[in-house]
Amino acid sequence: LKTTVKPKKFPPGPIWYPIIGSSNVMKRMQQKHGSQFKGLLELAKEYSTDVLGLKLGQELLVVVYGQKNVRQAFTDKALEGRPKSYFLKLRCFGKRLGITSADGPLWREQRQYTVKQLKNVGFGKTHMEKEIQIDLKNILEYIEENRHKPINPNHVFSQAVVNILWKYVAGKRIEEERLKLLLDVFSERSKAFHMAGGLLNVAPWSRFLVPEYSGYNLITRLNKQLSDIIEEAIDAHKKKEVEGPDFIYSYFEEILQQKETFNELQLKVICLDLIIAGSHTTGNSLKFAILRVLREKRMQDLIYEEIQKHIGDNIPCWSDSVKLVYTSAFLLETLRYYTIAPLVGPRRVLEDTVIDGYRIPKDATLLISVYDLHLDPELWDDPHEFKPERFINKDGGLKNPEHLYIFGLGRRRCPGDSLARSFLFIVFVGIMQKYLICCDEGALPSDEPTIGLIMSPKPFSVLFVPRR
Ligand code: HEM
């Protein structure tokens, strides 16, 4: 019975039943509103709270809303852990390794190293910029070959992002067959799981009783497939079959320096972290940008005119973003309007912490809701309208996007943001420079996203009509 009594000053939320806690309520809300994220948001409204408290099985789950709480959740060191959950451990071969799933000194060390490496690739650093431009060339060739029929950009964009990440991690473009496998695995993963890890997390023992239903069979199969692909790449590097330089070779150097915490398993997990965290997020952002220009013919023309005026037919590069203010503002507005990661986390509370007057016990799991902040009328004028101008200041320059939490904040902030933004800018500008994007048969595809671990647009096709 004790397990149904909430700790003192625990945030408001549904009542706890023996064994299951509030899992039943959460499941019901999820089904009713179509996603975990929306279900939780509705629950928070029902309890009129900016800090929602639940119990899933034995796990305490807290979700924070509102600018003040979200900023605290992002920046308070006591809130920067990752759950010791079974779901996350499964991804790291039963241990807590890499960046995304680790915390403490090991996370700090490995993250610091990876961030240092990633600093050399985004925002116009020549080596990766050239690679992005090659990707753009491939995309344009694909469009040119298929331009007389409607094109679903999903495949070609996802392929381009994975190629860039793979090039960064493993020094070469990924083989077609491996690429296809990776994309299939990612898409199955993001459809099948939500942030809290589902039944497998709440009741890890369920894998013995219902391995299929609990998702255990699926996640182990997907993790094995991912891990095999990376292992193959690491082996090719050991045999010096790859030219480099790349992340795997630089990590090898650290291993050679006999640093105990730098080892092959750790390398494997970091490679997985980068590819898993970077591919769908970046690819979906680009798809949303294309989906949006379809609805905004005037904006599409403004973007095209700006490109013509400032760079003409030159291949776009990141430094053009200073000149292409409207285009950059359009991309920022896309990121705000379609918040790719509506719920950020999961985090583990490292010591008892007070948020908005509520006591959050050590080891509770924390989720940070940024979606509603991006639509908060106190922070944005007409938040439900798509207005790139909001990111342009009086002098015609780009505004510092103060309330945009797309890439998070604080010490867990996304380390791949500069690579993601460079990719998005170069590929988007390169397409808009050459094509007018139109609806297939005049029917406007829905821009209502599918919400899984992240937001994805529903499948859609468009016509790319040459500007000249
Ligand atoms: C538009 C694209 C992207 C979006 C919206 C995005 C968003 C985010 C957010 C919100 C976080 C913070 C998680 C937290 O605070 O708990 C994060 C973390 C992370 N991102 Fe990204 N990301 C993007 C692209 C990328 C790319 C391209 C890479 C890889 C090169 C990447 C690698 C990572 C990693 C490894 C973490 C974990 C950081 C940690 O736990 O310390 N992301 N991302």
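Asks: Summarise the overall build of the protein chain; cite the residues concerned and give the values.
Replies: Secondary structure summary: the protein chain contains 16 helices and 10 strands in total. For the protein chain, the spread of C-alpha atoms along the three principal axes comes to 75 × 55 × 40 Å. Looking at the protein chain as a whole, 56% of its 468 residues are labelled buried. Taking all contacts inside the protein chain whose residues are at least 6 apart in sequence as the whole, residues at least 24 apart take part in 73%. Counting every atom, the protein chain has about 21,000 Å² of accessible surface; 54% of that belongs to carbon and sulfur.

Asks: Outline the pairing of strand β7 (residues 435-439), supporting the account with residue identities and numerical values.
Replies: A large share of β7 lies buried, amounting to 4 of its 5 residues. For β7 and strand β10 (residues 462-466), the ladder comprises 5 bridges, and the chain directions are antiparallel. Bridging across to β10, I437 finds its partner in F464.

Asks: Give a detailed account of a nonpolar patch on the surface, specifying residues and quantitative values.
Replies: A contiguous nonpolar surface patch, about 400 Å² in accessible area, is contributed by I15, Y17, I19 and I20. Locating I15 in the fold gives a position in the segment before α1 (23-33). Owing to a relative accessible area of 52%, I15 belongs among the exposed residues under this scheme.

Asks: Describe the coordination of the iron atom of the ligand, listing the residues and the values that go with them.
Replies: Of all protein atoms, C414 (SG) alone acts as a donor to the iron atom of the ligand, lying 2.3 Å away. Locating C414 in the fold gives a position in the loop between β6 (365-369) and α16 (417-434).

Asks: Describe the nonpolar core, listing the residues and the values that go with them.
Replies: By size, the foremost hydrophobic cluster in this structure holds 136 residues, and its most contacted members are L40, W166, I248, F330, F428, I431 and I437. With residues up to four places along the chain from it excluded, the contact list for L40 reads M26, L52, L54, V63, Y65, L343 and L367. By size, the runner-up hydrophobic cluster in this structure holds 5 residues, among which are Y86, F87, L88 and L90.

Asks: Give a detailed account of the pattern of salt bridges, specifying residues and quantitative values.
Replies: Pairs may arise between side chains of opposite charge once their charged atoms sit close together. A complete count under the given rule lists 35 salt bridges for this structure. When the shortest N-O distance is used, the salt bridge between R411 and E80 registers 2.5 Å. With R411 in the loop between β6 and α16 and E80 in the loop between α3 (67-75) and α4 (86-91), the pair connects residues that are 331 residues apart, well separated along the chain. With relative accessibility at 35%, the residue R411 sits in the partly exposed group.

Asks: Give a description of the packing of helix α15 (residues 325-337) against α16 that names residues and reports values.
Replies: Where α15 contacts α16, the axes come no closer than 11 Å and their chain directions differ by 120°. Taken together, α15 and α16 sit at an angle that is classed as oblique. The element α15 and its partner α16 pack so that their crossing is right-handed. For the pair formed by α15 and α16, the contact residues are T327, S328, F330, L331, L332 and L335 on the first element and R421, L424, F425, F428 and V429 on the second.

Asks: Please provide a residue-by-residue account of the pairing of strand β3 (residues 343-348), values included.
Replies: The buried count for β3 comes to 5 of 6 residues, which makes it a mostly enclosed element. As paired strands, β3 and β6 are joined by 4 bridges and run antiparallel to one another. Pairing of L343 across the sheet is with S369, part of β6.

Asks: Please set out the sheet that holds β3 residue by residue, giving values where relevant.
Replies: Across the sheet, 4 strands lie side by side as β1-β2-β6-β3; this open sheet has mixed pairing. Edge positions in the open sheet fall to β1 (51-56) and β3, since each of these has one partner strand only. Sheet twist, expressed as the average angle between the axes of neighbouring strands with direction ignored, equals 20°. For strand β2 (residues 59-64) and β6, the ladder comprises 4 bridges, and the chain directions are parallel. If you follow V63 over to β6, its bridge partner there is L367. Running at roughly 130° to β6, α3 makes contact with β1, β2, β3 and β6 of the sheet.

Asks: Give me the lowdown on the environment of Q110, citing residues and values where you can.
Replies: Relative to the assigned elements, Q110 resides in helix α5 (residues 104-119). Apart from the residues lying within four places of it in its own chain, the contact partners of Q110 are G98, I99, Y251, T261, F262, Q266 and I270.

Asks: Please provide a residue-by-residue account of the site of the ligand, values included.
Replies: In the vicinity of the ligand lie 24 residues, with R82, R111, R347, R412 and C414 positioned nearest. A distance of 2.8 Å is found between an oxygen atom of the ligand and a side-chain nitrogen or oxygen belonging to R82. Among the elements of the structure, α5, α13 (264-295) and β3 are those that each provide at least two residues to the shell around the ligand. Broken down by element, the residue count for the shell around the ligand peaks at 6 residues, all from α13. Along the lines of polarity and charge, the residues of the shell around the ligand split into 12 nonpolar, 8 polar and 4 charged.

Asks: Account for the confidence of the model for the protein chain, with residues named and values stated.
Replies: Confidence along the protein chain averages 89 in pLDDT terms, with 94% of residues attaining 70 or more. Two numbers describe this predicted complex: its pTM, 0.93, and its ipTM, 0.99.

Asks: Report on the environment of K287, specifying residues and quantitative values.
Replies: The topology assignment puts K287 in helix α13. Look at K287 and you get buried, because its relative accessible area is 9%. Counting along the chain gives 169 residues from K287 to S456, while the straight-line C-alpha distance between them is 8.4 Å. Contact partners of K287, with chain neighbours within four places excluded, come to N154, F157, S158, P457 and F460. Among the polar contacts made by the side chain of K287, one reaches the side chain of N154 at a distance of 2.6 Å.

Asks: Please give an account of the packing of aromatic side chains that cites residues and values.
Replies: Aromatic ring pairs: the centre-centre distance and the angle between the two ring planes describe each pair. One pass over the structure, following the stated rule, counts 18 aromatic pairs. Centroid distance Y113 to F262: 5.4 Å. Interplanar angle 85°. Geometry classified as edge-to-face. One end of the pair, Y113, is in helix α5; the other, F262, is in the loop between α12 (247-256) and α13, with 149 residues separating them in the sequence. According to the relative accessible area criterion, Y113 is buried, its value standing at 6%. Grouped by ring-pair contacts, the aromatic residues F288, F330, Y337, Y338, F386 and F428 constitute a single cluster. Taking the ring centre of Y337 as reference, the NZ or CZ of R292 above it sits at 4.9 Å. The ring of W107 has R412 lying over it, and the distance from NZ or CZ to the ring centre is 4.1 Å.

Cut-off values and rules
- Residues numbered from 1 in each chain as written.
- Predicted model: local features only at pLDDT ≥ 70, side-chain atom pairs only at ≥ 80, totals over all residues.
- Heavy atoms only, no water.
- Helix = DSSP H or I, 4+ residues; strand = E, 2+ residues; numbered from the N terminus.
- Buried < 20%, exposed > 50% of the residue type's maximum accessible area, 1.4 Å probe, protein only.
- Contact = heavy atoms within 4.5 Å.
- Areas by Shrake-Rupley, 256 points an atom, 1.4 Å probe, with all protein chains shown as cover.
- Pairing = 2+ DSSP bridges.
- Patch = residues over 30% accessible without salt bridge, like charges linked within 9 Å, V, L, I, M, F, W, Y side chains within 5 Å.
- Salt bridge = Lys/Arg side-chain N within 4 Å of Asp/Glu carboxyl O.
- Donors = N, O, S within 2.8 Å, 3.2 Å for Na, K, Ca; no water.
- Core = buried A, V, L, I, M, F, W, Y, C linked by side-chain atoms within 4.5 Å.
- Axes fitted to C-alpha atoms, helices over the stretch in contact; angles between N-to-C directions.
- Parallel < 35°, antiparallel > 145°, perpendicular 65-115°, else oblique.
- Left-handed = near helix turned anticlockwise from the far one by under 90°.
- Near = heavy atom within 4 Å.
- Polar contact = N/O pair within 3.5 Å; in protein donor to acceptor, adjacent residues only side chain to side chain.
- Nonpolar A, V, L, I, M, F, W, Y, C, P; charged D, E, K, R; others polar.
- pLDDT = per-residue confidence, 0-100.
- Phe/Tyr/Trp six-rings, centres within 6.5 Å; stacked < 30°, edge-to-face > 60°.
- Lys NZ or Arg CZ within 6 Å of the ring centre and 35° of its normal.

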